[in-house]
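The residues making up each chain are set out below.
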Amino acid sequence: MPDILAEVLGYPGLGWLIAAALLAGTVRGFAGFGTGMVFVPVAAQVLNPFWVLLVVLVMDLFGPIPNTFPRPGARPTRPTWCGC
(Lines give C-alpha, C1' and ligand atoms only; values in the text may rest on other atoms or scores of the structure.)
Protein backbone atom coordinates (compact mmCIF):
# COMPACT_ATOMS: atom_id res chain seq x y z
CA MET A 1 0.00 0.00 0.00
CA PRO A 2 2.71 2.58 0.79
CA ASP A 3 4.28 1.87 -2.61
CA ILE A 4 1.05 2.78 -4.39
CA LEU A 5 0.66 5.93 -2.31
CA ALA A 6 4.23 6.99 -3.02
CA GLU A 7 3.68 6.37 -6.73
CA VAL A 8 0.50 8.45 -6.80
CA LEU A 9 2.02 11.32 -4.84
CA GLY A 10 5.06 11.23 -7.09
CA TYR A 11 2.95 11.77 -10.23
CA PRO A 12 4.32 14.77 -12.13
CA GLY A 13 1.82 17.60 -12.29
CA LEU A 14 -0.38 16.37 -9.46
CA GLY A 15 -0.09 19.70 -7.66
CA TRP A 16 -1.26 21.55 -10.77
CA LEU A 17 -4.22 19.17 -11.13
CA ILE A 18 -5.28 19.71 -7.52
CA ALA A 19 -4.94 23.49 -7.83
CA ALA A 20 -6.94 23.50 -11.07
CA ALA A 21 -9.67 21.32 -9.53
CA LEU A 22 -9.96 23.64 -6.52
CA LEU A 23 -10.11 26.72 -8.74
CA ALA A 24 -12.66 25.05 -11.03
CA GLY A 25 -14.82 24.17 -8.02
CA THR A 26 -14.66 27.76 -6.82
CA VAL A 27 -15.69 29.06 -10.23
CA ARG A 28 -18.57 26.58 -10.35
CA GLY A 29 -19.65 27.62 -6.88
CA PHE A 30 -19.88 31.27 -7.84
CA ALA A 31 -21.11 31.02 -11.43
CA GLY A 32 -22.85 27.64 -11.54
CA PHE A 33 -20.82 26.55 -14.57
CA GLY A 34 -17.30 26.81 -15.92
CA THR A 35 -15.66 23.78 -14.37
CA GLY A 36 -14.44 22.50 -17.71
CA MET A 37 -13.29 25.90 -18.93
CA VAL A 38 -10.91 26.18 -15.99
CA PHE A 39 -9.88 22.57 -15.42
CA VAL A 40 -9.48 21.17 -18.94
CA PRO A 41 -6.68 23.46 -20.21
CA VAL A 42 -4.55 22.74 -17.15
CA ALA A 43 -5.33 19.02 -17.02
CA ALA A 44 -4.62 18.62 -20.74
CA GLN A 45 -1.02 19.59 -20.06
CA VAL A 46 -0.65 16.70 -17.59
CA LEU A 47 -3.07 13.95 -18.70
CA ASN A 48 -4.11 12.49 -22.03
CA PRO A 49 -7.51 13.60 -23.41
CA PHE A 50 -9.42 10.46 -22.37
CA TRP A 51 -8.42 10.86 -18.71
CA VAL A 52 -9.16 14.60 -18.77
CA LEU A 53 -12.71 13.95 -19.97
CA LEU A 54 -13.16 11.14 -17.48
CA VAL A 55 -12.00 13.32 -14.56
CA VAL A 56 -14.28 16.21 -15.63
CA LEU A 57 -17.21 13.78 -15.95
CA VAL A 58 -16.61 12.38 -12.46
CA MET A 59 -16.22 15.90 -11.01
CA ASP A 60 -19.48 17.07 -12.60
CA LEU A 61 -21.47 13.96 -11.67
CA PHE A 62 -20.33 13.41 -8.10
CA GLY A 63 -19.32 16.92 -7.04
CA PRO A 64 -22.85 18.31 -6.52
CA ILE A 65 -24.07 15.30 -4.47
CA PRO A 66 -23.53 17.02 -1.07
CA ASN A 67 -25.89 19.79 -2.20
CA THR A 68 -28.79 17.33 -2.40
CA PHE A 69 -28.89 16.64 1.34
CA PRO A 70 -31.04 18.92 3.52
CA ARG A 71 -29.14 21.38 5.66
CA PRO A 72 -29.99 21.59 9.36
CA GLY A 73 -31.91 24.74 10.22
CA ALA A 74 -32.75 25.50 6.60
CA ARG A 75 -36.23 26.68 5.75
CA PRO A 76 -38.18 24.12 3.69
CA THR A 77 -38.71 25.18 0.10
CA ARG A 78 -40.77 23.87 -2.78
CA PRO A 79 -39.21 21.15 -4.88
CA THR A 80 -37.41 22.35 -7.97
CA TRP A 81 -39.70 20.37 -10.27
CA CYS A 82 -42.64 22.69 -9.50
CA GLY A 83 -41.47 25.22 -12.10
CA CYS A 84 -40.81 28.13 -9.80
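This one's a predicted model, so the numbers in the text were calculated from it and none came from an experiment. (Residues numbered from 1 in each chain as written. Predicted model: local features only at pLDDT ≥ 70, side-chain atom pairs only at ≥ 80, totals over all residues. Heavy atoms only, no water.)

## Some points on the packing of helix α3 (residues 35-43) against helix α4 (residues 49-62)
Contact pair α3 / α4: the axes reach a minimum separation of 10 Å and the direction vectors enclose 150 degrees. As far as their axial angle goes, α4 and α3 are roughly antiparallel. In the crossing of α3 with α4, the sense of the turn from one axis to the other is right-handed. Along the contact surface, α3 presents T35, F39, V40 and A43, while α4 presents V52, V55, V56, M59 and D60. Residues of the contact of α3 with α4, tallied by class, amount to seven nonpolar, one polar and one charged. (Axes fitted to C-alpha atoms, helices over the stretch in contact; angles between N-to-C directions. Helix = DSSP H or I, 4+ residues; strand = E, 2+ residues; numbered from the N terminus. Parallel < 35°, antiparallel > 145°, perpendicular 65-115°, else oblique. Left-handed = near helix turned anticlockwise from the far one by under 90°. Contact = heavy atoms within 4.5 Å. Nonpolar A, V, L, I, M, F, W, Y, C, P; charged D, E, K, R; others polar.)

## Brief notes about the pattern of salt bridges
Taken as a whole and judged by the stated rule, the model has one salt bridge. When the shortest N-O distance is used, the salt bridge between R28 and D60 registers 2.8 Å. Here the residue R28 occupies a position in helix α2 (residues 14-31), and D60 occupies one in helix α4, the gap between them amounting to 32 residues. Classification of R28 by relative accessible area gives partly exposed; the value is 31%. Of the residues examined, D60 reaches a relative accessible area of 30% and is grouped as partly exposed. (Salt bridge = Lys/Arg side-chain N within 4 Å of Asp/Glu carboxyl O. Buried < 20%, exposed > 50% of the residue type's maximum accessible area, 1.4 Å probe, protein only.)

## Digging into the confidence of the model for the protein chain
Looking at the protein chain, the pLDDT average stands at 85 and 88% of residues meet or exceed 70. The secondary-structure element of the protein chain with the lowest mean pLDDT is helix α1 (residues 2-9), recorded at 82, while α3 shows the highest, at 93. (pLDDT = per-residue confidence, 0-100.)

## Considerations on the packing of aromatic side chains
One pair of aromatic rings is described through two measures. These are the centre distance and the angle between the planes. Across all of its chains, the model carries one aromatic pair by this definition. The interplanar angle of 80 degrees and the centroid separation of 5.4 Å between the aromatic rings of F50 and W51 together place this pair among those described as edge-to-face. Among the residues examined, W51 registers a relative accessible area of 45% and is labelled partly exposed. (Phe/Tyr/Trp six-rings, centres within 6.5 Å; stacked < 30°, edge-to-face > 60°.)

## Remarks on the packing of α2 against α3
In a packed pair of helices, the relevant descriptors are the angle between the two axes and the axis-to-axis distance. Running from N to C, α2 and α3 cross one another at 170 degrees; their axes reach a closest spacing of 8 Å. By the angle between their axes, α2 is roughly antiparallel relative to α3. Each of W16, L17, A20, A21, L23, A24, V27 and R28 in α2 lies in contact with α3, whose residues at this interface are T35, V38, F39, V42 and A43. Along the lines of polarity and charge, the residues of the contact of α2 with α3 split into eleven nonpolar, one polar and one charged.

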